[in-house]
Amino acid sequence: VQLVESGGGLVQAGGSLRLSCAASGFTFSDYPMNWYRQAPGKERELVARWTSAGGGETYADSVQGRFTISRDNDKNTVLLQMNSLKPEDTAVYYCNVVIGRLRGNPVVYWGQGTQVTVSS
């Protein structure tokens with residue numbers, strides 16, 4: 001399993017970025033995909049989850065209405081469109097998938113992360 005994020009960068013407050021996560025090594029369409037982020041000194045938090053078509057999206061309250069998660073099953077890619085960015089959105093963003101369980105524990109895969117920095 002491999003997850004490779006891209007699209008991060010430096011943007012001014014109010015701007016937009018689109019993150020992409022290219023997935024390989026598993027049947028992409030079979031699994032929910034997630035975006036997490038981790039700011040300096042803070043715990044990693046779930047930002048958005050895409051589980052299925054027709055309303056299977058969930059968002060953290062802090063990004064609701066500004067971020068949109070989507071996926072392209074033909075390209076094995078999950079996207080995170082981020083609009084109206086705020087300085088508090090500054091973090092390393094990771095995509096994530098859980099595939100099966102091992103001795104009762106979920107098997108979790110992470111990408112290497114992409115840095116998003118929002119200047120005020």
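Residues numbered from 1 in each chain as written. Predicted model: local features only at pLDDT ≥ 70, side-chain atom pairs only at ≥ 80, totals over all residues. Heavy atoms only, no water.

Focus: a nonpolar patch on the surface
Together, Val-98, Val-108 and Trp-110 give the surface a local cluster of nonpolar side chains, amounting to about 220 Å² of exposed area. With respect to the helices, strands and loops of the structure, Val-98 is situated in strand β9 (residues 91-102). (Patch = residues over 30% accessible without salt bridge, like charges linked within 9 Å, V, L, I, M, F, W, Y side chains within 5 Å. Areas by Shrake-Rupley, 256 points an atom, 1.4 Å probe, with all protein chains shown as cover. Salt bridge = Lys/Arg side-chain N within 4 Å of Asp/Glu carboxyl O. Helix = DSSP H or I, 4+ residues; strand = E, 2+ residues; numbered from the N terminus.)

Here we look at the pattern of salt bridges
Counted according to the given criterion, the structure contains three salt bridges. When the shortest N-O distance is used, the salt bridge between Glu-45 and Arg-37 registers 2.6 Å. Among the residues examined, Glu-45 registers a relative accessible area of 32% and is labelled partly exposed. Here Arg-37 falls in the buried class, since its relative accessible area comes to 6%. For Asp-89, the salt bridge identified is with Arg-66, shortest N-O distance 2.7 Å. Residue Asp-89 is located in the loop between β8 (77-82) and β9, and its partner Arg-66 is located in the loop between β6 (57-59) and β7 (67-72); the two are separated by 23 residues in the primary sequence. Neither Asp-89 nor Arg-66 differs from the other in exposure class; each is buried. Among the charged side chains, a network of salt bridges with common partners joins Arg-37, Glu-45, Arg-66 and Asp-89. (Buried < 20%, exposed > 50% of the residue type's maximum accessible area, 1.4 Å probe, protein only.)

Everything listed is a geometric property; what it means functionally is a separate question.
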